[in-house]
Amino acid sequence: MKKKRIAAAAGIIAIMSALTGAYAYFTDTKCIDVVATAANLGISVDASKFTDERVCDMLPGDCKELSYTVSNTGEADVMVFTEITLISSVPMSDTVEWFIQDLEGSMTDEDRQVDPKYYGKDFVDDISIEEIKENDIKFISLTNNNKVAKFVVNNGVLEANSDNTSTVDLKLMLGLNAGSRFMDSTCEVIAEVYGIQTKNIEDDLSWEFIKDVAWANEDSELL
Amino acid sequence: MKRSIGNTLLILIIFLMMTGGTGAVYVDKKQKDIRVSSASIGLKVSEPVFYNLPEEISNDSEIDFSVKVENTGSVPVYLSENITYEINDRFDSEDIMIEKAEDEQELKTISSDAVLGSMETREIFYRISFPGIQETPEGSISINGSIIYTASTSPDGSSGFVSEPEEVNIGIGNLKLYSDIKKENAMVKDNDTDNNEEIPESAYMATESTLDRISGVFISTASEIEEDGMD
């Protein structure tokens, strides 16, 4: 019995040697390697003309100019968008009383009305980047309590490695439809400027996804 | 058992990374926020201050009073006023007029299209005259009225902010008709001429009892007016 086991083991070793060989071929190897680097994407914002002092004591029909300058500090081209949130201390009507306007005044009263499909939402769910590109300013949503209105501003593309900056001139307006209930009220204006890579972007990339990525990046920077 | 749980967690983490991604698009974000304030509009009005209050009146009698109006708002406003009054509880009070006047120092009174600056106070002077008092039956009369002030940020109040109305009560009671003058004035009226008859001095003298007959403050001299601030 013991002899049979020894013979079987020797057979297996012989078969494996026959199959794999015993480095009977001459070989030579050369190794080349590269280090791939990811582009650095970054923006900076000069908000020295985006201050509280410019927007006090507003009356219906008043418009106050606000501006900020975005610079591309990274190594990749960026699309720049700004989500502007207006938080009114008193509820607004369907044609929002507090709103932002471009210098040409292209935003009409109709543009200030809540799109029914976005009514009651406090963030931009389904808007795609392509949709945002179509307008300079787009009124997106108004919350159920009618106090929080969201706008998205298309700031264009900033090329990398250039001195290009984008100055965004906006008018913050209190509409003529603002009644006396808006007296002595306040409106908080929050501008969140996003720089997004331009290449390899899918057209249907949603605004929500962009924001989620930005939040994830902020969280990772905190770690 | 432990190994199977560990494997399940690993598979779950890999699945989440595949589906959610970990920053598949480069995004950078900067944020800035400011607070906007709308204008505040408000008025503060004083009690009326009377400068003369005759015991007896004729068609030449005059009662002067003033009201101080302060713009407590943060922006200049246009001031409008609405004067209403009744005589002896009747509204047909054409015999008595309450209108704005300039004070003796020729200070300009505010007009309806004048702008009252933020936190600015103005004293507005009024005069009660009795041009048709001879038509009123003899006896005593009382005047009850009010001036309602409204501030607005547009001249006609059609746009912009409009403040809550502020009301000042004007009440004068027990004004006696001076019977002799009443008769003389009646004659003058028949002749269709101006009446420049002198009024007896006693008719302009206010007594202590006047304080009980008015809604407001009585001040007899101009110096006291300046010393008296708004409430």
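A quick note: this is a predicted structure, and the numbers were derived from the prediction, not measured.

Calculation notes
- Residues numbered from 1 in each chain as written.
- Chains lettered and ligands numbered in written order.
- Predicted model: local features only at pLDDT ≥ 70, side-chain atom pairs only at ≥ 80, totals over all residues.
- Heavy atoms only, no water.
- Helix = DSSP H or I, 4+ residues; strand = E, 2+ residues; numbered from the N terminus.
- Buried < 20%, exposed > 50% of the residue type's maximum accessible area, 1.4 Å probe, protein only.
- Contact = heavy atoms within 4.5 Å.
- Areas by Shrake-Rupley, 256 points an atom, 1.4 Å probe, with all protein chains shown as cover.
- Buried area = accessible area lost by both parts, 1.4 Å probe.
- Salt bridge = Lys/Arg side-chain N within 4 Å of Asp/Glu carboxyl O.
- Nonpolar A, V, L, I, M, F, W, Y, C, P; charged D, E, K, R; others polar.
- Pairing = 2+ DSSP bridges.
- Core = buried A, V, L, I, M, F, W, Y, C linked by side-chain atoms within 4.5 Å.
- pLDDT = per-residue confidence, 0-100.
- Axes fitted to C-alpha atoms, helices over the stretch in contact; angles between N-to-C directions.
- Phe/Tyr/Trp six-rings, centres within 6.5 Å; stacked < 30°, edge-to-face > 60°.

What chain B contains, in helices and strands, is three helices and 12 strands. Residues classed as buried in chain B amount to 41% of the 231 residues present. Taking all contacts inside chain B whose residues are at least 6 apart in sequence as the whole, residues at least 24 apart take part in 77%. Carbon and sulfur atoms make up 49% of the accessible area of chain B, which totals about 13000 Å².

Further remarks concern the interface of chain B and chain A. On the chain A side, the residues contacting the 26 residues of chain B number 49 residues. Interface of chain B and chain A: buried area, both sides summed, is about 3300 Å²; carbon and sulfur atoms make up 58% of it. On the surface where chain B and chain A come into contact, there are two salt bridges. The closest approach of N and O atoms between B:Lys29 and A:Glu192, which form a salt bridge, is 3.1 Å. Classifying every residue of the side of chain B that touches chain A by side-chain character gives 11 nonpolar, nine polar and six charged. In terms of strand pairing, strand S9 (residues 186–197) of chain A meets strand S1 (residues 27–37) of chain B through 11 bridges, oriented antiparallel. Within S1(B), the residue paired with A:Glu188 across the bridge is B:Arg35.

All chains considered together, the criterion is met by 13 salt bridges over all chains. As a salt-bridge pair, A:Asp28 and A:Lys30 come within 3.2 Å of each other at their nearest N and O atoms. As far as burial versus exposure is concerned, A:Asp28 and A:Lys30 are alike and both exposed. Of the charged contacts, one joins B:Lys100 and B:Glu81 as a salt bridge, the two residues approaching to 3.3 Å between their closest N and O atoms. Placement of the pair is B:Lys100 in strand S7 (residues 97–101) and B:Glu81 in strand S6 (residues 77–87), with a sequence separation of 19 residues. Relative accessible area serves as the criterion here: at 27%, B:Glu81 is assigned to the partly exposed category.

Moving on: the nonpolar core. Formed by 79 residues in total, the largest nonpolar core has its most connected members in A:Phe151, B:Phe130, B:Ile143 and B:Tyr149. Within the second largest apolar cluster, 17 residues are counted, among which are A:Ile140, A:Val152, A:Ile196 and B:Val27.

What follows deals with the pairing of strand S6 (residues 137–143) of chain A. If a strand is regular, its side chains alternate between the two faces of the sheet. Residues and elements named next belong to chain A. Burial analysis of S6 places six of its seven residues in the buried class, which makes it a mostly covered element. In the sheet, S6 pairs with strand S7 (residues 148–158) via five bridges, with the strands oriented antiparallel. From the neighbouring strand, Ser 141 faces S7, where its bridge partner is Lys 150.

Here we come to the sheet that holds strand S11 (residues 166–177) of chain B. Residues and elements named next belong to chain B. Taken in spatial order, the five strands make up an open sheet running S4-S11-S10-S6-S8, and their pairing is mixed. The sheet is open, and its two edges are formed by strand S4 (56–57) and strand S8 (115–116), each paired on a single side. Alignment of S6 against strand S10 (residues 140–152), held across 10 bridges, turns out to be antiparallel. Following the sheet pairing, Thr 84 is matched in S10 by Ser 146.

Summing up the model confidence of chain A, the mean pLDDT is 83 and the portion of residues at 70 or higher is 88%. Ranking the elements of chain A by mean pLDDT puts strand S5 (residues 119–120) of chain A last with 68 and S9(A) first with 92.

Let us look at the side chain of B:Ser40. With respect to the helices, strands and loops of the structure, B:Ser40 is situated in the loop between S1 and strand S2 (43–45). On the basis of relative accessible area, B:Ser40 is assigned to the buried category, the value being 17%. Residues contacting B:Ser40, with those up to four places away along its chain left out, are A:Asp184, B:Gly73, B:Ser74 and B:Val75.

This part is about the sheet that holds strand S1 (residues 43–46) of chain A. Residues and elements named next belong to chain A. Spatial ordering of the open sheet is given by S1-S2-S8-S4, a layout of four strands whose pairing is antiparallel. One side of each edge strand has no neighbouring strand; the edge strands of this open sheet are S1 and strand S4 (98–102). Averaged over all adjacent pairs, the angle separating strand axes in this sheet is 30°, with direction ignored. Taken together, the four bridges between S1 and strand S2 (residues 63–72) define a ladder with antiparallel strand orientation. Across the sheet, residue Asp 46 finds its bridge partner in S2, namely Thr 69.

Residue and element names in this part refer to chain A. Of note in the backbone geometry, Asp 57 takes a positive phi value of approximately 55° without being a glycine. As for its placement among the helices and strands, Asp 57 is situated in the loop between S1 and S2. For Asp 57, a relative accessible area of 26% corresponds to the partly exposed category. Not every positive phi belongs to a glycine, and Asp 184 is a case in point at roughly 60°. Structurally, Asp 184 is set in the loop between strand S8 (165–174) and S9. On the accessibility criterion, Asp 184 (57% relative accessible area) is exposed.

As a further point, take the packing of aromatic side chains. Residue and element names in this part refer to chain B. With the rule as written, the count across this model stands at five aromatic pairs over all chains. Their ring planes at 40° and their centres at 5.3 Å tell us that Phe 50 and Phe 65 sit as a pair that is tilted. A residue pair is termed long-range when its members are at least 10 positions apart, and Phe 50 in strand S3 (residues 49–50) and Phe 65 in strand S5 (residues 62–71) qualify at 15 residues. Of the two residues, Phe 50 and Phe 65, both sit in the buried class. Centroid distance Phe 65 to Tyr 126: 5.3 Å. Interplanar angle 20°. Geometry classified as stacked. With a gap of 61 residues between them, Phe 65 in strand S5 and Tyr 126 in strand S9 (residues 121–129) connect regions that are remote in the sequence. A residue is classified by how much of its surface remains accessible, and Phe 65, at 0% relative accessible area, is buried.

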